[in-house]
Amino acid sequence: MGKLDGKRALVTGASRGIGKAVALRLAAEGAKVAVNYNSNKALAEAVANEITNSGGEALLIQADVAQAEQVEAMVQQVADAWGGLDILVNNAGVTGDNLIMRMTEEEWDTVLGTNLKGAFLCTRAAVRLMLKQRWGRIINMSSVVALAGNPGQANYAASKAGLIALTRSIAKEVGSRNITVNALTPGFITTDMVETLSQETIDTIKQHIPLGRLGTPEDVAGAVAFLASDDASYLTGQAIGIDGAIAI
Ligand code: NAP
């Protein structure tokens, strides 16, 4: 018996990194998982296959979360297959770093479009199903930079801070229907997103992390599984640091 037996989950950006680990963990806890990706079909397919090969149920869905029609079609596909949606993990995210005086509108729009508008579109579509069910879990992947800011990441940090405000507002809106909405604020997690950093930078970062190491995608997935479970029934509207205490 898993903690999430029979639940139906959608994880955006589940082809790699944190999203992949979240999809695998939710499936290991007994949930059916819709594995969303944008461009890496082969990687996403491998995630879905890993779930089905372990006896779970997966749906592979291509959709750009920044495009309303694609999001509506994705959530409809989940509803058609499984009759509803219980857990939404808004994980898809991109960076587009630049100093503010050089940042292009395209860099701003792409990052805000995927990270913030994408979460809005997915949440809007998912909430319609969750309201009918009177049960739902929404988990938004924010970041530690939402709280502290980061030079060169004005667009990314603004999108992640926006996600926290989105989380709190929707938590208040849908709480009476037994739907919880929370955000995680990961610190440095070992995925493609931090792979571009030099070893020297990583060593410097580690000195500021009380736990003395970077986080793993599985560290984040464990927190998502908890938030999605009945153990977290009275926990909503929170932004929880999953960062080895770098932020304190
Ligand atoms: P990653 O390895 O770069 O993977 C990003 C994922 O998002 C991929 O599955 C990608 O799909 C998907 N994606 C990107 N744009 C998309 C779009 N428009 N529509 C649908 N899917 C899209 O990233 P990660 O490090 O795992 O990060 C996952 C989340 O955690 C992000 O929101 C990120 O901001 C956040 N986060 C990460 C860290 C960290 O240290 N890694 C720290 C704090 C927060 P394709 O493969 O198909 O492109």
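Notes on the structure in this doc start here. (Residues numbered from 1 in each chain as written. Predicted model: local features only at pLDDT ≥ 70, side-chain atom pairs only at ≥ 80, totals over all residues. Heavy atoms only, no water.)

Time to look at the site of the ligand. Residues in contact with the ligand amount to 32 residues; listed here are only the nearest, S15, R16, S39, Y156 and T191. One nitrogen or oxygen atom from the main chain of G187 is found 3.3 Å from an oxygen atom belonging to the ligand. Compared with its free state, where it exposes 900 Å², the ligand has 95% of that area covered by protein. For the shell around the ligand, the element with the most residues is helix α7 (residues 192-195), which contributes three residues. Within the shell around the ligand, the residues separate by chemical class into 14 nonpolar, 14 polar and four charged. (Near = heavy atom within 4 Å. Polar contact = N/O pair within 3.5 Å; in protein donor to acceptor, adjacent residues only side chain to side chain. Areas by Shrake-Rupley, 256 points an atom, 1.4 Å probe, with all protein chains shown as cover. Helix = DSSP H or I, 4+ residues; strand = E, 2+ residues; numbered from the N terminus. Nonpolar A, V, L, I, M, F, W, Y, C, P; charged D, E, K, R; others polar.)

As for its position among the elements, S142 is in the loop between β5 (136-141) and α5 (145-148). Overall, S142 belongs to the buried group, its relative accessible area being 4%. Along the chain, S142 and A161 lie 19 residues apart, while their C-alpha atoms are 7.2 Å from each other. In this view, S142 contacts K160, L163, I164, A183, L184, T185 and P186; residues no more than four positions away in its chain are not counted. (Buried < 20%, exposed > 50% of the residue type's maximum accessible area, 1.4 Å probe, protein only. Contact = heavy atoms within 4.5 Å.)

Across all of its chains, the model carries six salt bridges by this definition. D219 is the salt-bridge partner of R213, the closest N and O atoms lying 2.9 Å from each other. (Salt bridge = Lys/Arg side-chain N within 4 Å of Asp/Glu carboxyl O.)

With that settled, the discussion passes to the packing of aromatic side chains. Within a pair of aromatic rings, the relevant descriptors are the distance that separates the centres and the angle that separates the planes. Taken as a whole and judged by the stated rule, the model has zero aromatic pairs. A cation sits over an aromatic face here: K7 above W135, 4.3 Å from the ring centre. (Phe/Tyr/Trp six-rings, centres within 6.5 Å; stacked < 30°, edge-to-face > 60°. Lys NZ or Arg CZ within 6 Å of the ring centre and 35° of its normal.)

With that settled, consider the packing of helix α4 (residues 105-133) against helix α6 (residues 154-174). One can describe the packing of α4 onto α6 by two numbers: an axis separation of 8 Å at closest approach and a directional angle of 15 degrees. On the basis of their axis angle, the class for α4 and α6 is roughly parallel. Here α4 runs over α6; the crossing is right-handed. Side by side, α4 and α6 meet where E107, W108, V111, L112, N115, L116, A119, F120, T123, V127 and L131 of the first sit next to A154, N155, Y156, A158, S159, K160, G162, L163, L166, I170 and V174 of the second. For the contact of α4 with α6, a count of residues per class yields 15 nonpolar, five polar and two charged. (Axes fitted to C-alpha atoms, helices over the stretch in contact; angles between N-to-C directions. Parallel < 35°, antiparallel > 145°, perpendicular 65-115°, else oblique. Left-handed = near helix turned anticlockwise from the far one by under 90°.)

On the surface, L99, I100 and M101 cluster together into a nonpolar patch covering about 370 Å² of accessible area. If you trace the backbone, L99 turns up in the loop between β4 (87-90) and α4. (Patch = residues over 30% accessible without salt bridge, like charges linked within 9 Å, V, L, I, M, F, W, Y side chains within 5 Å.)

For strand β2 (residues 32-37), the buried fraction is high: five of the six residues fall into the buried class. Across four bridges, strand β1 (residues 8-11) lies against β2 in parallel orientation. Looking at the pairing, A9 lines up with V33 of β2. As a crossover connection, the stretch from β1 through helix α1 (residues 17-28) into β2 is right-handed. Of the pairings in the sheet, the one linking β2 to strand β3 (residues 58-62) comprises five bridges and is parallel in character. Within β3, the position partnered with V33 by the bridge is A58. Handedness of the β-α-β unit built from β2, helix α2 (residues 41-53) and β3 comes out right-handed. (Pairing = 2+ DSSP bridges. Right-handed = clockwise from strand over helix to strand, strands pointing away.)

Moving on to the nonpolar core. Of all hydrophobic cores here, the largest spans 34 residues; its most connected members are L26, V33, V35, L184 and V224. Looking at this core, the elements that each hand over two or more residues are β1, α1, β2, α2, β4, β5 and α9 (217-228). Sorting elements by how many residues they give to this core places α9 first, with seven residues. Residue contacts for L26: discarding those within four places in its chain leaves L4, A9, V11, A31, V33, I87, V89, V224, A225 and A228. Counting residues in hydrophobic clusters, the runner-up holds 31 residues, among them L10, A79, V174 and V181. (Core = buried A, V, L, I, M, F, W, Y, C linked by side-chain atoms within 4.5 Å.)

Next up on the list: the sheet that holds β2. In sheet architecture, strand pairing relies on hydrogen bonds along the backbone and comes in two forms, parallel and antiparallel. Within the open sheet, the seven strands sit side by side as β3-β2-β1-β4-β5-β6-β7. Their pairing is parallel. Of all strands in the sheet, those bounded by a partner on one side alone are β3 and β7 (239-242). Recorded for the sheet is a direction-independent mean angle of 20 degrees between the axes of neighbouring strands. One ladder, built from four bridges, connects strand β6 (residues 179-186) with β7; its direction is parallel. Residue pairing across strands places A183 opposite A239, the latter belonging to β7. Set on the sheet, helix α3 (residues 68-82) makes contact with β1, β2 and β3; between it and β3 the angle comes to about 160 degrees. Along the sheet face, α6 touches β5, β6 and β7 and points at about 160 degrees away from the line of β6.

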